[in-house]
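Below are the chains, spelled out letter by letter.
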Amino acid sequence: MVDKPKVVLGVSGGIAAYKACELLRRLTESGHDVRVVPTAASLNFVGEATWSALSGNPASTEVWESVHEVPHVRIGQSADLVVVAPATADLLAKAAHGLADDLLTNTLLTARCPVVFAPAMHTEMWEHPATQENVATLRRRGALVIEPAVGRLTGKDTGKGRLPDPEEIFEVCRRVLARGVTEPDLAGRHVVISAGGTREPLDPVRFLGNRSSGKQGYALARTAVARGARVTLVAANTALADPAGVDVVRVGTAVQLREAVLKAAADADAVVMAAAVADFRPAEYAGGKIKKKDGQDPAPVALVRNPDVLAEISADRARVGQVVVGFAAETDDVLANGRAKLARKGCDLLVVNEVGESRTFGSEENEAVVLASDGSETPVPYGPKEALAEVIWDQVAVRL
Ligand SMILES: Cc1cc2nc3c(=O)[nH]c(=O)nc-3n(C[C@H](O)[C@H](O)[C@H](O)COP(=O)(O)O)c2cc1C
């Protein structure tokens, strides 16, 4: 029997501690052996009994319990992953400075496995230079610090500082564990990803759209976060949960997508255009709903070309060395069309996949070939969109 991966769930004293119960559930139910290490302050929010009962393991805060087992060293040493959720401003400061005055901070010093922090606090605390410097220190040392989400905070106020959904923190943990490397290879990199499909309005109720669900782009965003990148996701008409640690910019049309991608790409190390951007849009937008008229055929819809965002960012790179990746969804002559598109667009990598009404769009799987401007071709067999995303980041990482 294979041993279950050992996860330490550190919980510090933020109001979001209750969300860690859900994260614990997800971890245990997916076959992980979880040891919860709460701080003393966090027990004001969720009690020790909850952690012990849900994890099936003792949950102590101090180094002075079960001393014969030397828990202050043993727990960190034997962990495959340490995740701290929520991580308070105080806990981040202690971790950055190497303090060790309770069991969690001792564990952080003895762990040699990947460490993930999911900070949660009021916007002022998060933006304070002290916190930002502590976060930068932890990232420089190889920890993965997930950007907090924007939304409702403890009181009535809203802003950046919210703990991402436990399900999404779990997704980060799952990917970090699967990769099993302590140093995130995209740390310090900003990547921009477009996802979904644009909608080009014809009148207030109708649009010209496509079948893209955004799942491939979201898989790229989730895997990039787990590899340490700062991620901006330009999402066109998607109905998917915001991935943890991702700055999501919502757009509708190709013109809006172009604007958002160009803005985000200004300081990006890589841009991956996974969205299905409409080539054409209706030439005229009818301000009122187009009515059918008795005995008359409908007027034909004239189309005009949309901007070619991939060609534009490939030709006019915002930064020297910026890596640009395109996608080609083809129905016929997939590879030949892909090679021609790579040459035409001038991007570094082109991910070519075959699409159809019930193929690729909306599904959890994909099969593709990653074509590179240096002539190399990397076939990616049929499998989860996440696996294709990892191959794309591998290819991007070697070019950065
Ligand atoms: C109701 C309440 C909510 C709090 N929420 C947070 C929070 O979300 N994030 C944070 O950094 N601190 C928060 N604090 C402050 C921490 O509890 C305090 O800094 C404590 O010393 C943290 O200890 P620890 O890091 O050892 O858990 C909150 C305090 C109270 C009373």
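Residues numbered from 1 in each chain as written. Predicted model: local features only at pLDDT ≥ 70, side-chain atom pairs only at ≥ 80, totals over all residues. Heavy atoms only, no water.

As recorded in an unreviewed UniProt entry, the protein chain goes by Coenzyme A biosynthesis bifunctional protein CoaBC and comes from Streptomyces avidinii.

Attention now moves to the overall build of the protein chain. The helix and strand tally for the protein chain stands at 13 helices and 19 strands. Relative to a compact globule of 400 residues, whose C-alpha radius of gyration would be 21 Å, the protein chain shows 24 Å and is just as compact. Taking the principal axes of its C-alpha atoms as reference, the protein chain extends roughly 85 × 50 × 45 Å. The buried share among the 400 residues of the protein chain stands at 50%. For the protein chain, restricting intrachain contacts to residue pairs at least 6 apart in sequence, the fraction spanning at least 24 positions comes to 67%. Accessible surface, the protein chain as shown: approximately 19000 Å² in total, 51% of it carbon and sulfur. In the protein chain, which carries 45 positive and 51 negative side-chain charges, the distance between the mean positions of the two groups comes to 3 Å. (Helix = DSSP H or I, 4+ residues; strand = E, 2+ residues; numbered from the N terminus. Rg over C-alpha atoms; globule rule 2.2 N^0.38 Å. Buried < 20%, exposed > 50% of the residue type's maximum accessible area, 1.4 Å probe, protein only. Contact = heavy atoms within 4.5 Å. Areas by Shrake-Rupley, 256 points an atom, 1.4 Å probe, with all protein chains shown as cover. Lys, Arg positive; Asp, Glu negative; His and termini not counted. Charge placed at Lys NZ, Arg CZ, Asp CG, Glu CD.)

With that out of the way, let us pick up the pairing of strand 8 (residues 190-196). Burial of strand 8 is extensive: seven of the seven residues sit out of reach of the surface. As paired elements, strand 8 and strand 11 (residues 230-236) share seven bridges and run parallel to each other. Paired with serine 194 across the two strands is valine 234, which belongs to strand 11. (Pairing = 2+ DSSP bridges.)

What follows deals with the sheet that holds strand 18 (residues 365-372). An order of 12-11-8-13-16-17-18-19 is seen for the eight strands of this open sheet, with the pairing classed as mixed. Since the sheet does not close on itself, it has two edges, and those belong to strand 12 (246-251) and strand 19 (377-384), each with one partner. Across the sheet, the mean angle separating the axes of adjacent strands is 15° when strand polarity is ignored. Inspection of the sheet shows strand 8 paired to strand 13 (residues 270-273) by four bridges, in the parallel sense. In the strand pairing of strand 13, valine 192 is matched with valine 271. Packed onto the sheet, helix 12 (residues 334-345) meets strand 16 (323-330), strand 17 (349-354), strand 18 and strand 19 and runs at close to 155° relative to strand 17. (Axes fitted to C-alpha atoms, helices over the stretch in contact; angles between N-to-C directions.)

Here we come to the pattern of salt bridges. As enumerated under the stated definition, the model contains 26 salt bridges in all. Here arginine 222 makes a salt bridge to glutamate 168, at a shortest N to O gap of 2.8 Å. Taken together, the residues span a long stretch of sequence, with arginine 222 in helix 9 (residues 215-226) and glutamate 168 in helix 8 (residues 166-179) at a distance of 54 residues. Taking relative accessible area as the criterion, glutamate 168 reaches 6% and is therefore assigned buried. For arginine 179, the salt bridge goes to aspartate 185, with nearest N and O atoms at 3.6 Å. In this structure arginine 179 comes out as partly exposed when scored by relative accessible area, which is 28%. When its relative accessible area of 35% is taken as the criterion, aspartate 185 is described as partly exposed. (Salt bridge = Lys/Arg side-chain N within 4 Å of Asp/Glu carboxyl O.)

Residues given the UniProt feature "binding site: CTP" (unreviewed entry) here are Asp279, Lys289, Pro307, Asp308, Val309, Leu310, Phe327, Lys341 and Lys345. Spatially, the listed residues are scattered: they cover 67 residues, and their C-alpha atoms lie as much as 37.1 Å apart. Position of proline 307 among the secondary structure elements: in the loop between strand 15 (303-305) and helix 11 (309-315). Mapped onto the fold, aspartate 308 is located in the loop between strand 15 and helix 11. Given the relative accessible area of 36%, aspartate 308 is considered partly exposed. There is a polar contact of 3.1 Å between the side chain of aspartate 308 and the backbone nitrogen of alanine 311. (UniProt positions renumbered as here; feature names shortened; annotations may be inferred. Polar contact = N/O pair within 3.5 Å; in protein donor to acceptor, adjacent residues only side chain to side chain.)

Turning our eyes to something else, we now look at the site of the ligand. Near the ligand, the surroundings consist of 15 residues, among which Gly13, Thr39, Thr88, Ala89 and Asp90 are the closest. At 2.8 Å from an oxygen atom of the ligand is found a main-chain nitrogen or oxygen belonging to alanine 89. Contact with the protein chains hides 65% of the accessible area of the ligand, taken as 640 Å² for the molecule alone. Looking at the shell around the ligand element by element, the count peaks at four residues for helix 4 (residues 89-97). Class assignment for the residues of the shell around the ligand results in eight nonpolar, five polar and two charged. (Near = heavy atom within 4 Å. Nonpolar A, V, L, I, M, F, W, Y, C, P; charged D, E, K, R; others polar.)

For proline 71, the position within the fold is in helix 3 (residues 71-77). For proline 71, a relative accessible area of 5% translates into the label buried. Sequence-distant contacts of proline 71, defined by excluding residues within four places in its chain, comprise Val63, Glu65, Ser66 and Leu103.

Next up on the list: the state of the cysteines. For the structure on display, the rule yields zero disulfides. Free of any disulfide, cysteine 21 has its nearest cysteine sulfur in cysteine 173, 15 Å distant. Look at cysteine 21 and you get buried, because its relative accessible area is 18%. Note on cysteine 173: no disulfide assigned, nearest cysteine sulfur contributed by cysteine 113 at a separation of 11 Å. (Disulfide = S-S within 2.5 Å.)

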